[in-house]
Amino acid sequence: MAETQMVARHIPDRLEGRGARLVKSWETLLVAVALAIFLVNSLASPYFLDPWNLSDATFNFTEKAMIAFAMALVIISGEIDLSVASIIALTSTAMGYAVQLGFDTPALVMVGLATGLLCGAFNGLLVTGLGLPSIVVTIGTMSLFRGLSFVILGDKAFTGYPESFSWFGQGYVWWVFSFELCLFVVLAVIYGVVLHRTSFGRTVYAIGNNQTAALFSGVRVGRVKFVLFLLTGLMAAIASICLTARLGSTRPSIAMGWELEVVTMVVLGGVNILGGSGTIPGVVLAALIMGMVTFGFGLLNVPGIVMSIFIGLLLISVIALPILYRRFRGRRSH
Amino acid sequence: MKLLLKNREMLLVVAIAALVALIALRFPPFVTPGNLANVYNDTSILIILALGQMAVILTRCIDLSMAANLALSGMVAAMINAAMPGLPIPLVILTAMALGAILGSINGLLVWKLDIPPIVVTLGTLTIYRGLIFLLSGGAWINAHQMSDAFKALPRAAVLGFPLLSWLSLVIIGIMVVVMRRTPLGRAFFAVGGNPHAAVYTGIDVGRTRFFAYCLSGTLAGLSGYLWVSRYAVAYVDIAAGFELDIIAACVIGGISIAGGIGSVGGALLGALFLGVIKNALPVINISPFAQMAISGMVIIIAVAVNARAEKRKGRVILRKAEAVHG
């Protein structure tokens, strides 16, 4: 993975040439996929188009997508964070512990956010301070954070969250628009602006494209990366607050395996796993697609694990198809 | 002493010896030869898998699908055995290995022919292979009583006082040492990981070498699938779930650089043994099973930090700061 600087980018974020008229960009491709799945879903079940039904469907992706926004930035910068699901578990455990001590909702939220930030800071310190590869560091902290939750919880579960706390996972802001959905939209806008409209966003791309060049042009590479790991920690904490509030309980196995789903979402959204390119609208579309696939298969009574075959195939094919297409076009033009 | 610390394998041997000595202080029976042989036997499957992962990581790739491959091959082996108990066991094992090789070659082909980043490919195939197990088995378990006695007995069969499973892992270590040190393919793994561009100029096909690395890891995963299923006498969708990260952790602890090109069979072996000793010793010295995950996480981080320090190469003065950030 260290060859990022030398080898040409594998994943095109824009298709060029004659195909451009047909498929203008990665995002257009994703919109087409999303529309197709939407159509199939609405034909497959008469209940799909019910607004409350669609609203429920959003819970399939909102929490993961919140993390995916921060993960997208981390991956664009050329790093990865595999510990996010374990941060959810540890954050949820910390909040559960605080509940036992009699904390109220505002204090619970503070405890949650602080735990997430601490975890993120720990990852960030190891990656930037000691210069360790993030994939290995976060494999380690993944067991460490999850392990700490097991140490605190044992085989028990924390319950008894206050009524007002459950609003974060079950409350509605207006009509069918849940708090989680609104938060997802707000965060999408914030991350979109930060990545695509600020100098901070540009430095993230710069680091991902050529870290050494970025360093010599005065970018504080270490500091930016540290902030990015803080952000994934923070977003995992926010997702944890929503998830814990929605489930109403904390178990050490909470959000097991989410790290791979979040990474899948980001890559499906067109973010280059090797760093340097990707967009927030792409991630939003990928989140919608994954959420709708999950929900559609649920309506058709397809077990979750079979759905994962589809997500895996979608991930590989959506990345392979443009490469095959370009190769095919290249051969014909000779 | 300085020489000792510079050699990663020696450092690991010292660390394992220190660990065993510490455990012996609290629980002397742990260091009896019989028990240590048990610990080795317990770690055998992890060793075999780590050797496969080592080949892949050496070429600057990664195989996240190994545990899923193991589970699928193991499930197929168990299903064949349950359906046809009369079929000779070696044939079942060969089938599992062939299936593993095919699954590995799918990864390899996607990486080689389509240039998709390895982490994306194996992330995708990881979920696909797990899903396939469900499609095949319908989510049902295959239990001990559905498997033939010969199927379950083979890894346990004692040869010269040791279980066949231990012997098998020793044989594979031997084969891997020869492959890595004495064959063009083994040298190609190092060359491709050390500098892919230089490898091309020396006439090595980078893509094909990576393909073979994936075939190797797939074959070993297939074999481990049979071993796992027969040893624990049960097959279900979630066997070895999350084990892919243990395998990578063993490699990383063993000093195999995630950036490719650096590592050895001895390192992978010792890395796996280190994890195996910890996993076996913690329950013995009365550390709660809940703390084990946290401790192995800590161990991985410390091992990586130590290794990274040993790995730092001296660069030109002007680039030293840049390389410090690169790690």
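Residues numbered from 1 in each chain as written. Chains lettered and ligands numbered in written order. Predicted model: local features only at pLDDT ≥ 70, side-chain atom pairs only at ≥ 80, totals over all residues. Heavy atoms only, no water.

Draft legend 1. Fine view of the overall build of chain B. Helix and strand counts for chain B come out as 15 helices and 2 strands. In terms of C-alpha radius of gyration, chain B reaches 20 Å, essentially the compact-globule figure of 20 Å for 327 residues. Once the C-alpha set of chain B is aligned to its principal axes, its extents read approximately 65 × 55 × 35 Å. Looking at the 327 residues of chain B, the share that counts as buried comes to 54%. Partitioning the contacts of chain B with sequence separation of at least 6, the portion at a separation of at least 24 is 77%. Entry remark: accessible area of chain B is about 13800 Å², with carbon and sulfur atoms responsible for 70%. For chain B, the separation between the mean place of its 23 positive charges and that of its 11 negative charges on side chains is 11 Å. (Helix = DSSP H or I, 4+ residues; strand = E, 2+ residues; numbered from the N terminus. Rg over C-alpha atoms; globule rule 2.2 N^0.38 Å. Buried < 20%, exposed > 50% of the residue type's maximum accessible area, 1.4 Å probe, protein only. Contact = heavy atoms within 4.5 Å. Areas by Shrake-Rupley, 256 points an atom, 1.4 Å probe, with all protein chains shown as cover. Lys, Arg positive; Asp, Glu negative; His and termini not counted. Charge placed at Lys NZ, Arg CZ, Asp CG, Glu CD.)

Draft legend 2. Structural view of the overall build of chain A. The helix and strand inventory of chain A stands at 15 helices and 2 strands. Relative to the compact-globule value of 20 Å for 334 residues, chain A shows a C-alpha radius of gyration of 20 Å, a close match. The dimensions of chain A, computed from C-alpha atoms along their principal axes, are 70 × 55 × 35 Å. Within chain A, contacts between residues separated by at least 24 positions form 78% of all contacts whose residues are at least 6 apart in sequence. Carbon together with sulfur atoms contributes 67% to the accessible area of chain A, which is approximately 13600 Å² in total. Positive and negative side-chain charges of chain A, numbering 20 and 15 respectively, have mean locations separated by a distance of 15 Å.

Draft legend 3. Spotlight on the interface of chain A and chain B. Counting from both sides, the interface comprises 56 residues of chain A and, opposite them, 52 residues of chain B. Of the roughly 4500 Å² buried between chain A and chain B on both sides combined, carbon and sulfur atoms contribute 81%. Summed over the shared surface of chain A and chain B, the result is 0 salt bridges. Taken together, the links from chain A to chain B amount to 1 residue pair in polar contact (both at pLDDT 80 or more). Those elements that provide at least two residues to the side of chain A that touches chain B are α6 (105–129), α7 (134–153), α11 (211–216), α13 (258–268) and α15 (304–333) of chain A. Per element, the largest residue contribution to the side of chain A that touches chain B is 14 residues, and it comes from α7(A). Looking at the side of chain A that touches chain B residue by residue, the classes come out as 39 nonpolar, 13 polar and 4 charged. (Buried area = accessible area lost by both parts, 1.4 Å probe. Salt bridge = Lys/Arg side-chain N within 4 Å of Asp/Glu carboxyl O. Polar contact = N/O pair within 3.5 Å; in protein donor to acceptor, adjacent residues only side chain to side chain. Nonpolar A, V, L, I, M, F, W, Y, C, P; charged D, E, K, R; others polar.)

Draft legend 4. Up close: helix α10 (residues 199–209) of chain A. Those residues of α10(A) that fall on the buried side of the exposure criterion are A:Gly201, A:Thr203, A:Val204, A:Tyr205, A:Ile207 and A:Gly208. On its buried face, α10(A) sits against α4 (62–76), α9 (179–197), α11 and α12 (221–247) of chain A.

Draft legend 5. The arrangement of empty space enclosed by the protein in detail. Scanning the entire structure with this criterion turns up 2 cavities of 30 Å³ or more. Considered as a void within the structure, the largest cavity measures approximately 50 Å³ in volume. What lines the largest cavity is A:Leu82, A:Glu259, A:Leu260, B:Leu64, B:Glu244 and B:Leu245. Broken down by secondary-structure element, the contributors of at least two residues to the lining of the largest cavity are α13 of chain A together with α12 (243–253) of chain B. Residue composition of the lining of the largest cavity, by class: 4 nonpolar, no polar and 2 charged. (1 Å grid on protein atoms, 1.4 Å probe; cavity = no way out; pocket = protein on both sides within 12 Å on 5 of 7 lines; lining within 4 Å. Points joined across faces, edges and corners; volume = space filled by probe spheres on them.)

By themselves these figures say nothing about function.
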